[in-house]
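# What the coordinates show
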Amino acid sequence: MENLIHIIAQMTQDDPTLNLLMLMVIVWTTGVICRRLHQPPVLGELTAGIIFGPAFLGLIAPNEMLTILSELGVFFLMFYAGLETNPLDLKRFRFHSTVVGIAGFLIPFGVAYLTCQLFAMSMVQSLFIALGLSITAIAVSARVLHDLELTEHHVTPVIIGASIVDDVLALSFFTAIIDLGSNQGGINWFHFALIMGKVILFFAIAIGIGIWLYPKIGQHFSSRSSKGFTFALVMALMFGMLAEIAGLHLIIGAYMAGLFVREGVVSPELLTKISDRFVSITYGFLGPIFFVSLSFHVTFSIFQTHLLLTIALLLAAILGKLLGAGGGSLLSGMNYKEATVIGMAMNGRGAVELIVASIGLQMGLINDEIFSILVLVAFVTTSLPPISMKLYLDRINYNFET
């Protein structure tokens, strides 16, 4: 049996197409099993990445093809999340989103920083780790909300809006911490102000295009579904490019683009067709590749060398986000059940934390052991929301106010 696994693993490493085929077969199988067990499919995808990826069996190997497809996966996940969000709801709950986003970032940041200080880490290293543990991955939240059929509930725009606020705060803190690490303890305030100015300009331009320009040119693409689909994709890529120019991740641009492809901008029939095509591509192909690929970075050797630190940082990440996002929800006037759901949903880190961690490793702000811990935290916290939310929603029978 061991020889057979070794032979198959060698074949998939040598043939990228066979590797992709193996991944899709495993994803399809785990999806069927999860639905039979009434569990979110994303949980099966993450588990499959651990079992069949490099961490254990090695039947799926990371390669350039899967890297590109996984990046497209997170892009499409965010565009479709925007497509399912009503901009009016986002505007309606902007106060809730802002409070939840700020509290959901600052409280876990403080908890994680204090935890690092207890282990006698340097200030810059503690700040960087705290940043990584405070991030919320919008794509993870969007996928879990979709799997649990909560996209029509008003917690969804709060969670997505709060995640955007969280990412903007993370960007500003990231810039400051990088300056601290590279300038011997000093912050380049001009660089910091320039970044924040570009972020504000991006949102102003994105909203302006969505409200004024997009409706005027979008109506010319509503006669044929193929034009509408292609035009929506072009807009998503353009918004993603604008986000990258502003120093944000392209997924925020993709989400902003998806927000404006709504009824009133294009015909309801075209919106349905566009939505059907994007959901097929996103949740049937590219999205699962992204979630499986998250598991490729996981290593369990740190449990032998840094067990106490790993457990401490994992608890700090989970409890800090629950206290921050949940407490912010209560502070903004939401009820206890909604606050619990929001706190659970915002615990996912995913690719965003991996990106931040990899930059910190490249710059020498963290070492390989800390990088491995952050990767493990990203995996565990990405797996946690679908499990915890499903159990909690089943316990309360989805019986909270709509």
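Before reading on, note that the structure itself is shown above.
Because the structure is a prediction, the values reported are computed rather than measured. (Residues numbered from 1 in each chain as written. Predicted model: local features only at pLDDT ≥ 70, side-chain atom pairs only at ≥ 80, totals over all residues. Heavy atoms only, no water.)

### Comments concerning helix α7 (residues 123-134)
The end-to-end C-alpha distance of α7, which contains 12 residues, comes to 16 Å, matching closely the 16 Å that a straight helix rising 1.5 Å per residue would cover. By the criterion of burial, α7 is predominantly enclosed, with 11 of the 12 residues buried. Inspection of α7 places V124, Q125, S126, L127, F128, I129, A130, L131, G132, L133 and S134 among the buried residues, and these make up the whole buried set. (Helix = DSSP H or I, 4+ residues; strand = E, 2+ residues; numbered from the N terminus. Expected span 1.5 Å × (residues − 1). Buried < 20%, exposed > 50% of the residue type's maximum accessible area, 1.4 Å probe, protein only.)

### Quick notes on the pattern of salt bridges
Tallied over the entire structure, the rule returns one salt bridge. Taking the shortest distance from any N to any O, the salt bridge between D166 and K321 comes out at 3.0 Å. Of this pair, D166 sits in helix α9 (residues 155-182) while K321 sits in helix α15 (residues 307-331), placing them 155 residues apart in sequence. What makes D166 buried here is its relative accessible area of 0%. (Salt bridge = Lys/Arg side-chain N within 4 Å of Asp/Glu carboxyl O.)

### Things to note about the packing of helix α4 (residues 64-83) against helix α12 (residues 250-259)
It is at 6 Å that the axes of α4 and α12 come closest, and there the two elements cross at 30°. With respect to each other, α4 and α12 are oriented roughly parallel. In terms of crossing hand, the pair formed by α4 and α12 is right-handed. In contact with V74, F75, M78, F79, A81, G82 and L83 of α4, α12 contributes L250, I251, A254, Y255, A257, G258 and L259. Across the contact of α4 with α12, the residue classes break down as 12 nonpolar, two polar and no charged. (Axes fitted to C-alpha atoms, helices over the stretch in contact; angles between N-to-C directions. Parallel < 35°, antiparallel > 145°, perpendicular 65-115°, else oblique. Left-handed = near helix turned anticlockwise from the far one by under 90°. Contact = heavy atoms within 4.5 Å. Nonpolar A, V, L, I, M, F, W, Y, C, P; charged D, E, K, R; others polar.)

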